[in-house]
Amino acid sequence: MAARSFISSSFLSSSLSRASAGAGATLTSRSVLCLNTITGRSPPDCRAQVQRWQRRSAGGTPPLTTDSSSAVQPRDDGALTSSDGVVGRPIDFDTSTTVEGRESQIATIRLEPGQVLRAESGAMMYMSQGVNMNTTTGGGLGAGLKRALTGQNLFISDYTYDGSGGPFGIVALGTDFPSKIVRLNLQEYGGKIVCQQGALLCASHTVDIDIEFTKKLSTGFFGGEGFVLQGLTGTGDVMVKAGGTLIRKDLREGEELRISSGCLVGYQDGVEFDIKMLDGYKNVLFGGEGLFVSVLRGPGTVWLQGQPPQRMVSEIARRVPSGGGIGLAVPIPGMGGGGGGE
């Protein structure tokens, strides 16, 4: 069933592309209904996908950047060459990716021959027959160390499919912490998204990980994210992980959003990230948020997480008995963590 859906979606995509290129066809409700029937996706998602196919066939896709900030090089056969020399056709993440689960999610990606998926090393859950994994530093030791400073591993894994297991191969990726997974297209957000350290799960092979420094020392000290953030640049899609519930906020020009330290997942390039002192000494002493809160100032989109991994680790560490030996976990009234009696 999955193979039939994927092949039918690909056929619909190529048919619409040929129709748009040859006769200037417009979007029809029949096309949307067809894609909805094949994939089971909602009508708005199907309409957006058909529009992307038509823009792509008509030359409406944003051009690839070939300046010094992005070394992606297009080829005559449709394949793209990444900044570290990896050649592959782009993956259509709209039809080739599935996110499964609720509180702890996994991502499933379908690969055709010639396509390349770049993922964090150690994230693979399973891969089907014909899928091959190639682990490298992704451009040399310097590139690996740069990724390590942004919270990723020194090495990165590229997944390809040789065609021996059918029309496509499957790679499933998991997270190192119970997380939600969100897919973002870089071109839709100006070609760059700034994330917390270690946020990237996988991406198109044409996406680069850069070091993004906080603009103020005070933000690095008290913003809850450190001095180094993760800048995702280039072309294609990324899949980012977030702890607990994931929330998206669209900020207007000059609009401020104050958040607790550590709750930031990422923000669109152009959003200002700063800190602000809490008003009122009682809020500072007894509010539980400390002396500062983080401030995000629009315009742009931001993503927040409800359960930052650092907060959960701190709570676990706080409840571990100290002093050596085997301690007994005795609940103390008023300290939380105990179950209620019946």
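The helix and strand inventory of the chain stands at eight helices and 22 strands. Per-residue burial for the chain yields a buried fraction of 42% across its 342 residues. Here the contacts in the chain between residues at least 6 apart in sequence split such that 72% fall between residues at least 24 apart. With an accessible surface of roughly 17900 Å², the chain has 56% of that area assigned to carbon and sulfur atoms.

A few words on empty space enclosed by the protein. Scanning the entire structure with this criterion turns up one cavity of 30 Å³ or more. Of the voids in this model, the largest cavity is the one considered here, and its volume is about 40 Å³. Every residue along the wall of the largest cavity is listed here: Ala119, Glu120, Arg147, Gln152, Asn153, Phe155, Ile156, Leu200, Leu201 and Ile209. Looking at the lining of the largest cavity, the elements that each hand over two or more residues are strand E6 (117-120) and strand E13 (200-204). Within the lining of the largest cavity, the residues separate by chemical class into six nonpolar, two polar and two charged.

Moving on: the sheet that holds strand E17 (residues 246-251). By way of backbone hydrogen bonds, the strands of a sheet pair with one another, either parallel or antiparallel. Taking strand neighbours across the sheet as the criterion, the six strands line up as E14-E15-E12-E19-E22-E17 in an open arrangement whose pairing is antiparallel. Of all the strands in the sheet, just strand E14 (207-213) and E17 have a single pairing partner and so form its edges. Direction aside, neighbouring strands of the sheet carry axes that sit 20° apart on average. Taken strand by strand, helix H5 (residues 141-149) contacts E14 and strand E15 (228-234), and its axis lies near 55° from that of E14.

This part covers the pattern of salt bridges. Counted under the stated rule, the structure contains 14 salt bridges. In this structure, the salt-bridge partner of Arg118 is Asp158, at a minimum N-O distance of 2.7 Å. In this pair, Arg118 sits in strand E6 while Asp158 sits in strand E9 (residues 156-161), placing the two residues 40 residues apart along the sequence. Salt bridges sharing partners connect three or more residues here, namely Asp84, Arg118 and Asp158.

A negative phi holds for most residues other than glycine; trans holds for most peptide bonds. A cis amide bond, omega 20°, links Gly298 with the succeeding residue Pro299. Take Pro299: it is sitting in the loop between strand E21 (292-297) and strand E22 (300-305).

This part is about the pairing of strand E18 (residues 256-259). Of the two faces of E18, the one lined by Leu257 and Ile259 is fully buried and the one lined by Glu256 and Arg258 carries no buried residue. As defined by bridge partners, E18 adjoins E21 across four bridges and the pair is classed as antiparallel. Looking at E21, one finds that Leu257 is bridged to Leu296.

Predicted confidence across the chain gives a mean pLDDT of 76, with 63% of residues reaching 70 or more. Scored below 50 in pLDDT, residues 1-28 makes 40 contacts in the model with residues more than four places away or belonging to other chains. Note on residues 327-342: pLDDT is under 50 here. Beyond four places in sequence and across chains, it has five contacts.

Before going further, it helps to examine a nonpolar patch on the surface. A surface patch of nonpolar side chains, about 450 Å² in accessible area, is lined by Met124, Met125, Tyr126, Met127 and Met133. In terms of residue count, strand E7 (residues 124-127) provides more of the nonpolar patch than any other element does, four residues in total. Structurally, Met127 is set in strand E7.

What counts and how
Residues numbered from 1 in each chain as written. Predicted model: local features only at pLDDT ≥ 70, side-chain atom pairs only at ≥ 80, totals over all residues. Heavy atoms only, no water. Helix = DSSP H or I, 4+ residues; strand = E, 2+ residues; numbered from the N terminus. Buried < 20%, exposed > 50% of the residue type's maximum accessible area, 1.4 Å probe, protein only. Contact = heavy atoms within 4.5 Å. Areas by Shrake-Rupley, 256 points an atom, 1.4 Å probe, with all protein chains shown as cover. 1 Å grid on protein atoms, 1.4 Å probe; cavity = no way out; pocket = protein on both sides within 12 Å on 5 of 7 lines; lining within 4 Å. Points joined across faces, edges and corners; volume = space filled by probe spheres on them. Nonpolar A, V, L, I, M, F, W, Y, C, P; charged D, E, K, R; others polar. Pairing = 2+ DSSP bridges. Axes fitted to C-alpha atoms, helices over the stretch in contact; angles between N-to-C directions. Salt bridge = Lys/Arg side-chain N within 4 Å of Asp/Glu carboxyl O. pLDDT = per-residue confidence, 0-100. Patch = residues over 30% accessible without salt bridge, like charges linked within 9 Å, V, L, I, M, F, W, Y side chains within 5 Å.

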